[in-house]
There are 2 protein chains.
Amino acid sequence: MPHVKLELDQCEHLIKNGDWAALLRAIQDMDPADTADLLEALDAKDRERLFKLLDSETASEVLVELDAPFVDDVVDDMPTDKLADLADRMAPDDAVRILTDLDDEEKSAEVLAGMKASGDVSGMMRYGCDSAGQLMTTEVFSMAADCPIRQVREALVNYEPTDPVFYVYAIDAETGKLLGLASVKAVFTAGLNATLRDALERDYVHCHVNEDQEHVAHKFRKYDVWVMPVVDENHRLVGRITADDIMDVLHEEADEDLAAMVGAPDIERDEDSPFAIARLRFPWLMVTMAAGLVNSIIIKSLLQVTANATLAIFVPAIMAMGGNTGMQSSAVTIRGIALGQRAYNRLGGLIVKEVSAGLLMGLACGMISGSVIWLFLTVTGADTGTLNAVRLGITVGAAMFCSMGFASSFGAFVPMTLNRLGIDPAVAAGPFVTTSNDLSASLIYFSVCFFMLRS
Amino acid sequence: MPHVKLELDQCEHLIKNGDWAALLRAIQDMDPADTADLLEALDAKDRERLFKLLDSETASEVLVELDAPFVDDVVDDMPTDKLADLADRMAPDDAVRILTDLDDEEKSAEVLAGMKASGDVSGMMRYGCDSAGQLMTTEVFSMAADCPIRQVREALVNYEPTDPVFYVYAIDAETGKLLGLASVKAVFTAGLNATLRDALERDYVHCHVNEDQEHVAHKFRKYDVWVMPVVDENHRLVGRITADDIMDVLHEEADEDLAAMVGAPDIERDEDSPFAIARLRFPWLMVTMAAGLVNSIIIKSLLQVTANATLAIFVPAIMAMGGNTGMQSSAVTIRGIALGQRAYNRLGGLIVKEVSAGLLMGLACGMISGSVIWLFLTVTGADTGTLNAVRLGITVGAAMFCSMGFASSFGAFVPMTLNRLGIDPAVAAGPFVTTSNDLSASLIYFSVCFFMLRS
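Conventions used here
Residues numbered from 1 in each chain as written. Chains lettered and ligands numbered in written order. Predicted model: local features only at pLDDT ≥ 70, side-chain atom pairs only at ≥ 80, totals over all residues. Heavy atoms only, no water. Helix = DSSP H or I, 4+ residues; strand = E, 2+ residues; numbered from the N terminus. Rg over C-alpha atoms; globule rule 2.2 N^0.38 Å. Buried < 20%, exposed > 50% of the residue type's maximum accessible area, 1.4 Å probe, protein only. Contact = heavy atoms within 4.5 Å. Areas by Shrake-Rupley, 256 points an atom, 1.4 Å probe, with all protein chains shown as cover. Lys, Arg positive; Asp, Glu negative; His and termini not counted. Charge placed at Lys NZ, Arg CZ, Asp CG, Glu CD. Expected span 1.5 Å × (residues − 1). Bend = angle between axes of the 7 residues up to and from the residue. Pairing = 2+ DSSP bridges. Core = buried A, V, L, I, M, F, W, Y, C linked by side-chain atoms within 4.5 Å. Buried area = accessible area lost by both parts, 1.4 Å probe. Salt bridge = Lys/Arg side-chain N within 4 Å of Asp/Glu carboxyl O. Polar contact = N/O pair within 3.5 Å; in protein donor to acceptor, adjacent residues only side chain to side chain. Nonpolar A, V, L, I, M, F, W, Y, C, P; charged D, E, K, R; others polar. Axes fitted to C-alpha atoms, helices over the stretch in contact; angles between N-to-C directions. Parallel < 35°, antiparallel > 145°, perpendicular 65-115°, else oblique. Least-squares fit on C-alpha atoms with pLDDT ≥ 70 in both. Phe/Tyr/Trp six-rings, centres within 6.5 Å; stacked < 30°, edge-to-face > 60°. Patch = residues over 30% accessible without salt bridge, like charges linked within 9 Å, V, L, I, M, F, W, Y side chains within 5 Å. Disulfide = S-S within 2.5 Å.

### Looking at the overall build of chain A
Inference 1: The secondary structure content of chain A amounts to 20 helices and six strands.
Inference 2: For 455 residues, the compact-globule formula gives about 23 Å, and the C-alpha radius of gyration of chain A, at 30 Å, lies well above that figure.
Inference 3: Here chain A holds 455 residues, and the buried ones make up 58% of them.
Inference 4: Counting only contacts in chain A whose residues sit at least 6 apart along the sequence, the fraction spanning at least 24 positions is 66%.
Inference 5: Accessible surface, chain A as shown: approximately 18,600 Å² in total, 56% of it carbon and sulfur.
Inference 6: Computed over 35 positive and 67 negative side-chain charges, the inter-centroid distance for chain A is 6 Å.

Okay, here's the thing in structure tokens:
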């Protein structure tokens, strides 16, 4: 039957009345994921109090479901041995995540030392951040390939893992190499004289323990698998990754990309104060402000050199067009790289295409806006100083064309270069491209004006 | 063993030499997903030729793996009966996807009519777009709950589905309602005198056939499940959704969000010509251009009213700050809504928080930039016309403060309002918010200047 779920206001009502016993009874019937949601919605004080009242089993399950920023919150003043006990009750991959989520590395090491079953966990913590090794669980059901099927069945019946088991992995008894996998159904439907080897699918997708999680996620999506064995450099089975971990990765990466694009770090959480949020978002705003002031200087010079105030009124239009064009081409490039859509493709071609598209759009927009400006200035009979309406229209149109062409190539070029250098393209490209485009747009406009005035 | 994979240049080499036989032999050993990648990377002519040469079984598997824009390409001039044959070989959910991907609705209806097993497919096509009903497969293994376990095992042994089976669903024989599910392992490890009912997990997560796919994806992530039964309004089992479909949904939604944010439609594909790309991205550029020209008029009026050209040079800085602030708060709000992070939360609180953060950032940025401008103008001894350096600094700082405060509230308000109105917040918020912020920033600046001059 569907899960019971306590609403936030009911929960707050119980807390207000001090009826913790009723609250804990209600939580007993809830899914840990719902309890975690509830805890996240409570204010910090109530959250800590409620979490402390949970029994160890529930606390361990709920802790796994909490979003990273809240983990530190609830375990902050928890004794090391209590936390080690909670970690011992988790699947190894969950314990690794909780330990890496802790801000205090010393505490994390103490908890690890205090765990009874720390072997798998400390092994996994040695793998790189965001690698398959940290994502996998070491809880795999594997047997020698030559095992009689009857023996496999018996072992399977007695196997009681944390997560449901759907595949049996077959190992070469001599080399320890992974040979293939058999579904539980295949194990139970094979003939009685068969060995595990006879029930195997040998055509399986696997990943390497050092493979990047984003790359593993791409494989999951591409080959439509739900579970993937993880092997070491000798093709020995070391763990498995399941679809639920991958769904979290996909969610996380999308969040990170978007956050990087707009310069709003995704580590914000609902209970952060406006002041904390402002501080997190401030760095890019400072860069933008600095660029904006440099821009003011450029425009000031433009006015001084040309002695034509009318030129200044078109700066925002040219900047906005360059900015959008650059944003579009960088977003398309970043997504393309991140999702491996360009697996079979040469990236050089992409730049050429983005530049061509940018120049085409620039040509159209430049011609349209130039004509509109000429028409407008002529109809209103505005004072255009040293430039007549036709030349002013041509100047603005040409500047728009140049800045859009530049922005589209720059927007494609930066993420691709970062990617080649091994830097996540999304992290640096957004703010960097936007600010550069703002500055380049006014510099280009300045140059075009200067050229038009001279000739 | 790992999959064989033909590289693009090898493939192009074979095509150039006209060695189609060798190419088809290589494809026989490849995973359909890799073949689809290869087809997508080829140019349109070669793609169509190669696809036509595939045998029906392979063609059907590859078609399922092709990205939406390419589906139309390869089946464009394929006879209806051939296409119906391919669709007949697919799982019902894949057939639905292919049929909905076709641009030509008439052709889609003809293909459906020509299918031998069109029952499930036409049933599913009646469900809403992006609903669980269109995402699910009707291929489920269900039996009456009172069935002896021996009988369930026999049926399971003889069951040969397209996708692997991991759960048996138990149905109430009288009402047809879904009672629970049993893992294959539970079926094979239950006692011989048991019925299916004894092996059931009754505590399962399900979804409704009309539920939105994004909501279903959220449930998958939250409850860490790999397969979810889909029920109708009477809680009767109508299908199941698997993790691989959900991974596609997560990917798709993230892509759509990002594309909407920057006004670059995600239906672009590698082989689109720069002209086609330009046309797709043009709408938002036209909006931006119109706004830019309106902005020019506002600045022109500002110059006329104040007769102070120096005021114009700060417009880009104020606009960039407002733009970034709005982008940050709209991105955070959109992601928050899309991912259901605010499930337990009141959205009103979010607006208050975003506005407060915006005002705080505006206060800091306004004060800093105002001081910098005052200092700069004083040191360089620039001509500031009717306003002295102090008042000019205050004017720019105040305008920045106001426009950032407005932008942050507007950036949070628009997606939330759209969401309440049942419109996808990501689709309209990006371009709309950016353009509005550009315009509002210069209007605010105009008003502040006007006010400062009058007093």
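### Describing helix α16 (residues 274-306) of chain A
All names here are of chain A.
Inference 1: Compared with an ideal rise of 1.5 Å per residue, which puts 33 residues at 48 Å, α16 spans 44 Å between its outermost C-alpha atoms and is within 8% of the ideal.
Inference 2: The principal kink in α16, of about 50 degrees, is found at Phe 282, preceding the proline Pro 283 by one to four residues.
Inference 3: Remark: Ala 307 follows α16 within two positions and exhibits a positive phi of approximately 50 degrees.

### Side note on the sheet that holds strand β5 (residues 227-231) of chain B
Inference 1: As summarised here, the arrangement of the three strands in space is β4-β5-β6 (chain B), forming an open sheet in which the pairing is mixed. Here the strands that pair on one side only, and so sit at the sheet edges, are β4 (207-208) and β6 (237-242) of chain B.

### Thoughts on the nonpolar core
Inference 1: Core analysis: the largest hydrophobic core is formed by 151 residues, its most contacted members being A:Phe51, A:Leu63, A:Ile241, B:Phe51, B:Leu63 and B:Ile241.
Inference 2: Listed in part, the 69 residues of the second largest apolar core include A:Val448, B:Leu302, B:Ala399 and B:Met404.

### Focus: the interface of chain A and chain B
Inference 1: Taken together, the contact between chain A and chain B spans 120 residues of the former and 122 residues of the latter.
Inference 2: Summed over both sides, the interface between chain A and chain B buries roughly 10,900 Å², with carbon and sulfur atoms accounting for 68% of that surface.
Inference 3: When the shortest N-O distance is used, the salt bridge between B:Lys222 and A:Asp34 registers 2.5 Å.
Inference 4: Inspection of the region where chain A meets chain B yields 18 residue pairs in polar contact (both at pLDDT 80 or more).
Inference 5: Sort the elements by how many residues they give to the side of chain A that touches chain B and α16(A) lands first, with 18 residues.
Inference 6: Class assignment for the residues of the side of chain A that touches chain B results in 74 nonpolar, 17 polar and 29 charged.

### Considering the sheet that holds strand β2 (residues 167-171) of chain A
Residue and element names in this part refer to chain A.
Inference 1: Read from one edge to the other, the open sheet built from three strands follows the order β1-β2-β3, with strand pairing classed as mixed. The open sheet has two edge strands, β1 (142-144) and β3 (178-183), and neither has a second partner. The mean inter-strand angle of the sheet, taken between neighbouring strand axes irrespective of direction, is 30 degrees.
Inference 2: Direction of pairing for β2 relative to β3: antiparallel, over a ladder of five bridges. Looking at the pairing, Val 168 lines up with Ala 182 of β3.

### Re helix α6 (residues 68-75) of chain A
Helical periodicity: at 3.6 residues per turn, an α-helix aligns residues three or four positions apart in one direction.
Inference 1: Taking burial as the measure, the eight residues of α6(A) include six buried ones, the bulk of the element.
Inference 2: In this structure, the buried side of α6(A) is in contact with α3 (32-41), α4 (44-53), α5 (56-65), α7 (80-88), α8 (92-101) and α9 (105-114) of chain A.

### Structural notes on the packing of α3(A) against α5(A)
Residue and element names in this part refer to chain A.
Inference 1: The N-to-C vectors of α3 and α5 enclose an angle of 70 degrees; their axes lie 8 Å apart at closest approach. Taken as axis vectors, α3 and α5 run roughly perpendicular relative to one another. Packed against α3, whose contacting residues are Pro 32, Ala 33, Thr 35, Ala 36, Leu 39 and Glu 40, the element α5 presents Glu 61, Val 62 and Glu 65 at the interface.
Inference 2: Of the residues that constitute the contact of α3 with α5, the class distribution is five nonpolar, one polar and three charged.

### Comments concerning the pairing of β5(B)
Residues and elements named next belong to chain B.
Inference 1: Among the five residues in β5, five count as buried, and that is most of the element.
Inference 2: Residue alternation in β5 divides its side chains into two sets, Val 227, Pro 229 and Val 231 and Met 228 and Val 230, and both sets are buried.
Inference 3: Where β4 meets β5, two bridges bridge the pair, whose relative direction is parallel. Its bridge partner lying in β5, Cys 207 is registered against Val 230.
Inference 4: Of the pairings in the sheet, the one linking β5 to β6 comprises five bridges and is antiparallel in character. Along β6, the bridge assignment pairs Val 231 with Leu 237.

### Some words on the relation of the copies chain A and chain B
Each of the two chain copies can be brought onto the other by rotation about an axis and movement along it.
Inference 1: Of the transformation superimposing chain A on chain B, the axial component is 0.1 Å and the angular component is 180 degrees, with the fit at an RMSD of 0.2 Å. As the rotation angle and translation indicate, the two copies are arranged about a two-fold axis.
Inference 2: A share of 100% of interface residues in chain A that are also interface residues in chain B marks the association as one of identical surfaces.

### Side note on the packing of aromatic side chains
Inference 1: For the structure shown, the criterion picks out 12 aromatic pairs over all chains.
Inference 2: On the basis of an interplanar angle of 80 degrees and a centroid distance of 5.5 Å, the ring pair of A:Tyr167 and B:Phe166 is categorised as edge-to-face. Residue A:Tyr167 is located in strand β2, and its partner B:Phe166 is located in the loop between α12 (149-158) and β2 (167-171); the two belong to separate chains.
Inference 3: What links up through ring pairs into an aromatic cluster is the set A:Phe166, A:Tyr167, A:Trp226, B:Phe166, B:Tyr167 and B:Trp226.

### A closer look at the pattern of salt bridges
Inference 1: Applying the stated criterion across every chain, the model contains 20 salt bridges over all chains.
Inference 2: Here A:Asp232 and A:Arg236 are joined by a salt bridge, their closest N and O atoms 3.4 Å apart.
Inference 3: The class for A:Asp232 is buried, based on a relative accessible area of 11%.
Inference 4: For the salt bridge of B:Asp73 with B:Arg47, the shortest nitrogen-to-oxygen distance reads 2.7 Å. With a gap of 26 residues between them, B:Asp73 in helix α6 (residues 68-75) and B:Arg47 in helix α4 (residues 44-53) connect regions that are remote in the sequence.
Inference 5: Ionic contacts of the salt-bridge type, sharing partners, join the residues A:Asp34, A:Asp37 and B:Lys222 into one network.

### Quick look at a nonpolar patch on the surface
Residue and element names in this part refer to chain A.
Inference 1: Taken together, the side chains of Trp 374, Leu 375, Val 379, Val 390 and Ile 394 make up a nonpolar region of the molecular surface, amounting to roughly 490 Å² of accessible area.
Inference 2: Breaking the nonpolar patch down by element, the ones donating at least two residues are α18 (347-380) and α19 (389-420).
Inference 3: Of the residues forming the nonpolar patch, the biggest block, three residues, is contributed by α18.
Inference 4: Its place among the elements puts Leu 375 in helix α18.
Inference 5: Judged by relative accessible area, which is 49%, Leu 375 ranks as partly exposed.

### Focus: unusual backbone geometry
Across residues other than glycine, the phi torsion is negative in most instances, and most of the peptide bonds are trans.
Inference 1: Although it is not a glycine, A:Asp224 sits at a positive phi angle of roughly 55 degrees.
Inference 2: The residue A:Asp224 is located in the loop between α14 (213-223) and β5 (227-231) in this model.
Inference 3: For A:Asp224, a relative accessible area of 28% translates into the label partly exposed.
Inference 4: At B:His235, a residue that is not glycine, the phi angle is positive and equals roughly 60 degrees.
Inference 5: Looking at where B:His235 falls in the secondary structure, it is placed in the loop between β5 and β6.

### Thoughts on the environment of B:Asp85
Residues and elements named next belong to chain B.
Inference 1: Relative to the elements of secondary structure, Asp 85 occurs in helix α7 (residues 80-88).
Inference 2: Assessed through its relative accessible area of 23%, Asp 85 is described here as partly exposed.
Inference 3: It is 8.8 Å that separates the C-alpha atoms of Asp 85 and Val 111, two residues lying 26 residues apart in sequence.

### Examining the state of the cysteines
Disulfides are covalent bonds that connect the sulfur atoms of two cysteines.
All names here are of chain B.
Inference 1: In this structure the tally under the stated criterion is zero disulfides over all chains.
Inference 2: Cys 402 forms no disulfide, and the closest cysteine sulfur to it belongs to Cys 449, at a distance of 11 Å.
Inference 3: Owing to a relative accessible area of 34%, Cys 402 belongs among the partly exposed residues under this scheme.

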